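# Descriptive structure summary
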Amino acid sequence: MNNVFGLDIGTRNVVGTVGYQTDDKEFVVTAQYVREHETRAMLDGQIHDIGRVAKTIKEVKDELEKQTGQPLEEVCIAAAGRVLKTVTTHVEYEYAQESVVTGEDVHTLELLGIEKAQEALKEVNDTSYKFYCVGYSTVKFFLNDEVFISLEGHKANKIGEDIIVTFLPEDVVDGLYAAVGQAGLSVANMTLEPIAAINVAIPENYRMLNIALVDVGAGTSDISITRDGSIIAYGMIPHAGDEMTEVIVQHFLVDFNMAESIKLQSTTSDTVTYKDIMSIEHTIPAQDVWDVAAPVVDNIAQEVSAKIRELNGDKTVSACFVVGGGGKIHGFTEKLAEDLDLPEERVALRGEEVLGDVTFEQEDIKKDPLLVTPIGICLNYYDQRNNFIMVRFNGERIKLYDNNRLTIVDAALQAGFPNDELFPKRGTPINFTVNGVARLVRGEAGEGAVVTMNGKPASINTPLEPNSEIVIEPSTAGEAAEYKISQLDEYNHSVITFIINGRKVSCPRFVQVNGRLEPEDYSIRENDVIETRNYYTVRQIAQFMDLVIDTDQMIFVNNEEADLDTLVYENFSVEWKTDEYDVARIDNNNYNDTQESDSDDASVLAEQDANSTESDNTVTRTSEQMMNQVLDELHDEFAKEAEASAVPENELPKNDIQEEIHEEDSSENTVTVIVNGEPVELSGKDTYIFVDIFTHISFDLQAGKGRAIATVINGRDAQFSEELHEGDQIELYWKEN
């Protein structure tokens, strides 16, 4: 037997109930206690003095512990308040294939409905209040679009639900939690007062009728409407018993507690005895009290009837039940019947007759309308027990469906915490293009979110604990991406080849960014357009080879007279005379100059024999040294001069070893060859020669370590200037010494 502790924290009284539900749905009350607030610590259903309310709750808890002989640590509560919001919404869930509906599926559907209602409320909320879900009721279930009473156990492709979700301002809920916590209790379940009341006052077999339930408390009057087997609406007005008490205070010159006594006596006796603030004792007919309270009673009845009509589609109901202490004042039910256009017998107080399925172990307890709500709070626990847990996430209280697998990340998602603030964020990336191909360099990863639960370090996968305090500090972004030209494969591994005085010379390609030459340490920026140049000038080739050209002698490019600023494209031939031929011998070769002959192995791109004395056959120099020198001297000025001296490509001279220069507006040819077993697509030119392969594959030309490179095409040694054709089979590898 597991007892449930329910607490109705009302504006005037705190009513505590301890009991349990039997297998046949009978509820047994093992202990009951009512305690009035010593002062007006609550107004209109909202706690104003948390400390005083906590003191009253503690007194009720202590008394019930004495009665039951058991410690009470968890409590079920109900919320009320003058600012109640309700949202009715429809939600559906479709299975991937026909499935049997489980209880967890139904609860998930309800959770989806709550989330949808929360979003709908956010869109229309025109107040400064932050609202919290305090309860919900299912209006209708749908199984494959047909109305069903219950879904669990049926096979379905799709399930749906019409649901009413109720919300109160978060400060109302926070006040309840704070008062309960100060009394040494934790909240096991929370619902709305009218939901709790209707569970007792209007059984399900009555809900086919269009009935209103009015719970008249001290600070608020809570209203529920049923029709067609469902609860269709909830409402609340801030007018109730305290307003009657206040007019009695003024008329009879008494304090608030004495006025409460006068009001109570007038409902049970023909005469009322009281003592005013002058300590003079009076005995008056109860009729005098009724007459004083009549204007307020009439006003409350009018407000209640108007709210009932509003909730019921601007029409009256078939009958109305009244519960709560405030509803017992003389003349209230009669006036309400008049305002609802109902016979008086169809508006009645509900008390003992609705507690037929409730057994009281204490013989001295009188069944009274005052007990309806606290017993309903206990019964609501059985409807929603273990379905939801409450936690506070970054200061906001949230309710989650408890599937016994909840973690902190579930709370974060429920609270709408952005996913990208849970996990490390990368810094700003760089988007740019290299030779027309889009590139992306990602930023550095940042730090993950800092998570604590109840002040202790945790992770997003830490299991949730009920009523825990969770704080997540958002993750941070890492450093923005940084990438330099020197890091580009095209800069390090792409070469351009010329024929200089009969020798093949391979040079690194110059890099221009947005039309300007940039050095290797240039930091690439967003949307930069990067291109590797497909030409050198005669001057740049000489500088790269560390040569001094005899300018008194003729210079020829492709057998045409040229000067130092003439543009030299891939495979162009250059003839010149030099004043000196100075060789810088560097092991880390970035270009090669190899004497061409029929007897040479044409597949050797670079012969790196460190002991060779034939320095006139191999000339090498680092691209870094050369690029820096050229860029320092020619940066902006060269770009202008090159443009001015450029010859239109359709007028460029050609020789028998040169490939046809691709014009921008000429048709491009695409050729696919097989390189080391993998297809490689060559595009951007009209024709292609063997050396073009190196601009389309990743092959580290500096990884030779003294070995020669083997180049094979269709089973035979390849010539670098040999034209490629569709389907050619190519092999590239380093020869072992």
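None of the values given here were measured: they were computed from a predicted structure.

### Topic: the overall build of the protein chain
A count of helical and extended segments in the protein chain gives 13 helices and 44 strands. For the protein chain, with 737 residues in total, the buried portion stands at 50%. At a minimum sequence separation of 6, the contacts of the protein chain that also span at least 24 residues come to 66%. Surface accessibility of the protein chain: about 34700 Å² in total, with carbon and sulfur atoms responsible for 44%.

### Focus on empty space enclosed by the protein
Across all of its chains, the model carries two cavities of 30 Å³ or more by this definition. Within this model, the second largest cavity holds a volume of roughly 70 Å³. Forming the walls of the second largest cavity are E38, T39, R52, K55, T56 and E59. Of the residues belonging to the lining of the second largest cavity, the class tally is no nonpolar, two polar and four charged.

### Considerations on the packing of helix α5 (residues 241-252) against helix α6 (residues 256-268)
Packed helix pairs are characterised by how far apart their axes lie and by the angle those axes make with each other. Contact geometry for α5 and α6: axes closest at 8 Å, N-to-C directions at 110°. Here α6 runs roughly perpendicular to α5, going by the angle between their axes. Seen from α5, the contacting residues are G241, D242, M244, T245, E246, I248, V249 and F252; seen from α6, they are F256, A259, E260, I262 and K263. Of the residues assigned to the contact of α5 with α6, the class counts are seven nonpolar, two polar and four charged.

### Some details on helix α3 (residues 170-182)
With 13 residues, α3 should cover 18 Å at 1.5 Å per step; its first-to-last C-alpha distance of 18 Å lies within 8% of that length. Buried within α3 we find E170, V172, V173, G175, L176, Y177, A179 and V180. After α3 finishes, the residue G184 shows a positive phi value of roughly 85°.

### Topic: the nonpolar core
L7, I9, I57, I77, M190 and I375 are the most contacted members of the largest nonpolar core, which has 72 residues in total. Looking at this core element by element, the count peaks at seven residues for helix α9 (residues 372-384). Residues within four places of M190 in sequence aside, it is in contact with I77, A79, Y132, C133, V134, V173, Y177, M390 and K399. By size, the runner-up hydrophobic cluster in this structure holds 28 residues, among which are V216, A233, A293 and I329.

### Remarks on the pairing of strand β8 (residues 131-143)
With eleven of 13 residues buried, β8 is to be regarded as a mostly interior element. The sheet contact formed by β8 and strand β10 (residues 155-169) spans eleven bridges and is antiparallel. Counterpart to Y136 in the pairing with β10 is V165. By the bridge criterion, three bridges tie β8 to strand β9 (residues 146-148) in an arrangement that is antiparallel. Looking at the pairing, F142 lines up with V147 of β9.

### Re the packing of helix α7 (residues 286-311) against helix α8 (residues 332-339)
Interhelical geometry of α7 versus α8 gives an angle of 45° and a closest axis separation of 9 Å. As the angle between them shows, α7 and α8 are arranged oblique. In the packing of α7 onto α8, the handedness of the crossing is right-handed. Listed contacts from α8 to V297, D298, I300, A301, Q302, V304, S305 and R309 of α7 are F332, K335, L336 and D339. Considering only residue class, the contact of α7 with α8 consists of six nonpolar, two polar and four charged.

### Description of the pattern of salt bridges
This model, assessed by the stated rule, comprises 23 salt bridges. Of the charged contacts in the structure, one is a salt bridge between E38 and K55, with a shortest N-O distance of 3.2 Å. Of this pair, E38 sits in the loop between β3 (27-36) and β4 (42-43) while K55 sits in helix α1 (residues 50-68), and the two are 17 residues apart along the sequence. Judged by relative accessible area, which is 42%, K55 ranks as partly exposed. Salt bridges linked by common partners bring R35, E38, K55 and E59 together as one network.

### Some remarks on the sheet that holds strand β18 (residues 347-349)
Read from one edge to the other, the open sheet built from five strands follows the order β14-β13-β12-β17-β18, with strand pairing classed as mixed. Either end of the sheet is taken by a strand with one partner, and the two such strands are β14 (230-237) and β18. Direction aside, the axes of adjacent strands within the sheet are offset by 20° on average. As judged from the five bridges shared by strand β12 (residues 211-216) and strand β17 (residues 319-323), these two strands associate in the parallel manner. Residue pairing for β17: D215 is matched across the bridge by V323.

### A closer look at the packing of aromatic side chains
Working definition: an aromatic ring pair is given by the centre-to-centre distance plus the angle between the planes. Under the criterion given, the structure shown has ten aromatic pairs. By way of ring pairs, the aromatic residues F498, F510, Y536 and F544 are connected into one cluster.

### Some words on the environment of D489
Among the structural elements, D489 can be located in helix α11 (residues 489-493). With 206 residues separating them along the chain, D489 and T695 place their C-alpha atoms 9.6 Å apart.

### Quick look at the sheet that holds strand β2 (residues 13-21)
If you walk across this open sheet you meet the six strands as β11-β6-β1-β2-β3-β19, and the pairing is mixed. The sheet is open, and its two edges are formed by β11 (186-192) and β19 (358-360), each paired on a single side. Neighbour-to-neighbour, the strand axes of this sheet turn through a mean angle of 30°, independent of strand direction. For β3 and β19, the ladder comprises three bridges, and the chain directions are parallel. Of the residues in β19, the one forming a bridge with F27 is V358.

### Digging into the confidence of the model for the protein chain
Predicted coordinates in areas of low pLDDT are best not read in detail. In the predicted model, the protein chain carries a mean pLDDT of 80, and the fraction of residues at 70 or more is 84%. Counted against residues more than four places away or in other chains, residues 580-667, with its pLDDT under 50, gives 175 contacts.

### Some words on unusual backbone geometry
Even without being glycine, S279 reaches a positive phi, approximately 65°. Within the fold, S279 resides in the loop between β15 (271-275) and β16 (281-285). On the basis of relative accessible area, S279 is assigned to the exposed category, the value being 55%.

### Some remarks on the pairing of β17
Within β17, five of the five residues are buried, which leaves it mostly tucked inside the rest of the structure. Residues of β17 alternate between two faces, with A319, F321 and V323 on one and C320 and V322 on the opposite face, all of them buried. Pairing of β17 with β18, which is carried by three bridges, proceeds in the parallel orientation. Residue pairing for β18: V322 is matched across the bridge by L349. Read from β17 through α8 to β18, the crossover connection turns out right-handed.

Conventions used here
- Residues numbered from 1 in each chain as written.
- Predicted model: local features only at pLDDT ≥ 70, side-chain atom pairs only at ≥ 80, totals over all residues.
- Heavy atoms only, no water.
- Helix = DSSP H or I, 4+ residues; strand = E, 2+ residues; numbered from the N terminus.
- Buried < 20%, exposed > 50% of the residue type's maximum accessible area, 1.4 Å probe, protein only.
- Contact = heavy atoms within 4.5 Å.
- Areas by Shrake-Rupley, 256 points an atom, 1.4 Å probe, with all protein chains shown as cover.
- 1 Å grid on protein atoms, 1.4 Å probe; cavity = no way out; pocket = protein on both sides within 12 Å on 5 of 7 lines; lining within 4 Å.
- Points joined across faces, edges and corners; volume = space filled by probe spheres on them.
- Nonpolar A, V, L, I, M, F, W, Y, C, P; charged D, E, K, R; others polar.
- Axes fitted to C-alpha atoms, helices over the stretch in contact; angles between N-to-C directions.
- Parallel < 35°, antiparallel > 145°, perpendicular 65-115°, else oblique.
- Expected span 1.5 Å × (residues − 1).
- Core = buried A, V, L, I, M, F, W, Y, C linked by side-chain atoms within 4.5 Å.
- Pairing = 2+ DSSP bridges.
- Left-handed = near helix turned anticlockwise from the far one by under 90°.
- Salt bridge = Lys/Arg side-chain N within 4 Å of Asp/Glu carboxyl O.
- Phe/Tyr/Trp six-rings, centres within 6.5 Å; stacked < 30°, edge-to-face > 60°.
- pLDDT = per-residue confidence, 0-100.
- Right-handed = clockwise from strand over helix to strand, strands pointing away.

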